[in-house]
Amino acid sequence: MTVTQTEQAPAAIAEEADAGRLEWIDPLTDFLPDEPEKSRVIVDPFNHRKKRDAEQDTTEPDPALIASVDAVGVQQAPVLRPQGGENEGKLGIVMGQRRMKAARAAAEKAVAEKRKYRKVRVIIRDDLKGVDDEALAGSMVENVHRAAASVQDDLDAAQQLALMVNAKRVPKARKTQLAAAIGRTEAELDAAHKVAQMDAETLEDLREEEVEFDWVELGDYDEVKDVPNAQVTLMRAKAKDEQERNAKRGAWKTAMQELRAKKARTERIETLKAELAEKKVTTVHWARNWHYSTARPLEELVSKIGMPMSEQGHSETCEGHAAAIDPDAAEVVWLCAEWKKHGHRIAGAPEGDDGDGEPDEKEAAKIEAAREERRRVKVNNLAWRTARAGREAHIADMCKDKGEAPADVKDLIMRTILVSDGYYTHYVGGQEHGAMLAKFLGDEQLTRQPKGVIASLIKKTANKRYWWVLFAHVAGYFEAEHMKDDAWRGEAHYQHGPSVRGRIRPATAEWISFLKSHGYGVTEVEAETVATAEQEAEAAAERRAEQERQREEREAARAAWKAENPDPDEDEDDGDDAEEDYQYDDEDEEYEEPAGAVENPEADGEDETDAGEAQAEGREDAPAEDEQE
C-alpha cells in the first residue's frame, strides 16, 4: 500500500537531556573521604561502587590512575547531585568516585612537593536530587555496561602516541608527562611499539594466567618467549627485584641476559646440526658420561701405537668417525662411535689383557673427573663471558647518573687511584684503557684518548658528574684487569701455567659485590665466585691464626728454656779484655757453629711455611694482593 502525504509516519524528534551545570571542586578542601561529616563532597549513598573489604575494594584508585591525574588532571568530569536530609547542602558523587580520590591523592602529592595542583571540573545534576532510583541506575550504567578497552587497544594507542612524540621531537619533560597521563613510564612508552606487535594469543595467555608484566617486561618476554621456562624465570626475577626493592631491575636484566644466551645457544646448535648434516657427518646423541657408551671423544683416545688423535686424521683413517653437540657449550665434539671396535685406547690407560684398552676403576674415575673438570671450565667460561655484556650495560647505565655520586663510589675511586698497584699501572698504560672509557661513557672518540676529546669531555661535564666520569675509568680497570674470561677460576700460576690455579683475586669478588650493592643482578657463576673467594679468605685467616698460635707457642717454649738454662756469662762484665780475646778475620775465615750447641726451640720456619703456601696457591704473580694482605 502506498503511503499518502497525510499518512506518513511522524519524523523522529531528538530530545535534549539534562546536561547539568559545571562547577570546580577543590579536591583537598571540598572532598574529605575520611571525614564525610566535614566534607562538602561525599560519596552518594546510591553510588553503585561500594567499599567492601580490603581485598575486594574497587573504590580506591590504582597508581596508574593517580599518575595520570597528576599529569593531566581529571579529563572526564565526575557527576554529582545535591543531597537532602541530614546531608542537606552537600554534593554526592554519583559517577567518578575513583577519579575524585585520584585527584585528592595527586593534590596531596603536589603539596608535599611544593607545587601547584589542579581543581576538578564536575557536572552537578540538580534534577537528580531526591531521585534515588535514577541516580543508582546511572551509576550502574557507568560501571556495568562500560566495555573495558582491550590490552591491544591500549597498546595501539600508546604506539601512536610514541610515534607522534618522536616525530615532533617533544622535549623529554613533556614526553614523561604524556607517559604519566596514560599511567605508564617513559620506558614503557618507548617499548609500546614492541608490545603492539605481539600476537593476541600471547597477550591473552598472560592475562588468563594473571601474569602482570608492564610494557617493558612484555617487550622483553616476547623476545625470549620460545625459550623453555622463560615465563617462570622472568616472573621469579621480577619477584626478586620487588622483594629487594631494586628499581634498576637487576635480577630481571640478568635473567634476560641468560635467556638471550640460551636462545643464542639453541640457534647455534641448530646451525651446527645443519652443517654436520650438509657434510654428511654421522652424529650421535650427547652423553653426560661416555663411560657407558660405545662412543668416546677423540681427546680421550689414542691410536694403537699410543698417538693422540686429531679430527682430520681420524676422519681420514677411521670408519667410526662421528660427532656430537655439547648442549651447554654449543660446540661440536669429535669422537669415535666404536672406539673399541676400531682398536683405539683410552689415553694414559694401560692396555687390558683382553685388548680392549679399558682402564681400571681408579683410572676410569680419574678420567671421568678430568672430563667433568673440562666441561665445568667450558660451561663457566661461557657463563662468565655471557655475564659480561649485562654487567657492562649496568655499568654504562650507572655512568649516566646525573646526580651526586654516593659515598661508596667515591671511596672506591679514591682507593683505586691512590693505591695504584701493578694491575692499575698495567691498565693505564695499556690499549684497553681508552676502549673501556669509550664503552662506559658512550663516546667512541675516547678510544684513543686524544687530548682534544678529553678536554671537551671535561668542559661539558658538570661538576657533580666528575665522579661518574672517574667511575667509568675505575670500572674499566676492574673489568679489564680482574674480570678476564677465567677470573672465576682463580689466579693462574706464573710458572706452571693456567692449569695450576691459586686463590681468586680479592679485587674480583670486591667488584662483583660492589655492583650488586648498586642494583646489578649477579649471575650464578658470579655468585659462586664471590662465595669461593670468601671461603678462601676465611681459610687464609685461619692459617694465619694457626701460624700466630704456633709462633706464640715457640716464644713460650723459648722463654721456658731460657729460664731453665740461664747463661752463666750473661750478667758478667766482659770489659775491654773480652773484646781483645775474641779475634776474627771477616775476609779469610767463616763463622762456625760451636760443637755441641743446644738446639734453639725458636727455630724460625714461618717464612718457609708462608713461601710454600704462596707457591702452592700460585700467587707469586699477584703482588698487589700480597701487599694488601
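Criteria and cut-off values
Residues numbered from 1 in each chain as written. Predicted model: local features only at pLDDT ≥ 70, side-chain atom pairs only at ≥ 80, totals over all residues. Heavy atoms only, no water. Pairing = 2+ DSSP bridges. Helix = DSSP H or I, 4+ residues; strand = E, 2+ residues; numbered from the N terminus. Contact = heavy atoms within 4.5 Å. Axes fitted to C-alpha atoms, helices over the stretch in contact; angles between N-to-C directions. Buried < 20%, exposed > 50% of the residue type's maximum accessible area, 1.4 Å probe, protein only. Salt bridge = Lys/Arg side-chain N within 4 Å of Asp/Glu carboxyl O.

Another point: the sheet that holds strand β9 (residues 331-336). Ordered in space as β6-β9-β8, the three strands form an open sheet in which the pairing is antiparallel. In this open sheet, the two edge strands, each paired with only one partner strand, are β6 (296-297) and β8 (321-326). Judged from the two bridges that link them, β6 and β9 form a sheet pairing that is antiparallel. The residue bridging Pro-297 from the neighbouring strand is Leu-335, located in β9. Of the strands in this sheet, β8 and β9 touch helix α10 (residues 250-278), which is tilted by about 170° from β8.

The next point concerns the pairing of strand β4 (residues 91-95). Burial within β4 is extensive, with five of its five residues counted as buried. As paired elements, strand β2 (residues 41-43) and β4 share three bridges and run parallel to each other. Bridge assignment links Val-43 to a residue of β4, and that residue is Ile-93. Both strand β3 (residues 79-82) and β4 contribute to a ladder of four bridges, which runs antiparallel. Looking across to β4, one finds that Leu-80 is bridged to Ile-93.

As a further point, take the pattern of salt bridges. With the rule as written, the count across this model stands at 42 salt bridges. Glu-23 is paired through a salt bridge with Arg-40; the nearest N and O atoms lie 2.5 Å apart. Of this pair, Glu-23 sits in strand β1 (residues 21-25) while Arg-40 sits in the loop between β1 and β2, and the two are 17 residues apart along the sequence. Judged by relative accessible area, which is 31%, Arg-40 ranks as partly exposed. Through salt bridges with shared partners, one network takes in Arg-21, Glu-23, Asp-30, Arg-40 and Asp-126.

Adjacent strands of a sheet pair through backbone hydrogen bonds, lying either parallel or antiparallel. Pairing is mixed in the open sheet, where five strands are placed in the order β1-β5-β3-β4-β2. Each edge of the open sheet is held by one strand with a lone partner, namely β1 and β2. The average undirected angle you get between the axes of adjacent strands in this sheet is 45°. Packed onto the sheet, helix α2 (residues 97-112) meets β1, β2, β4 and β5 (120-124) and runs at close to 120° relative to β4.

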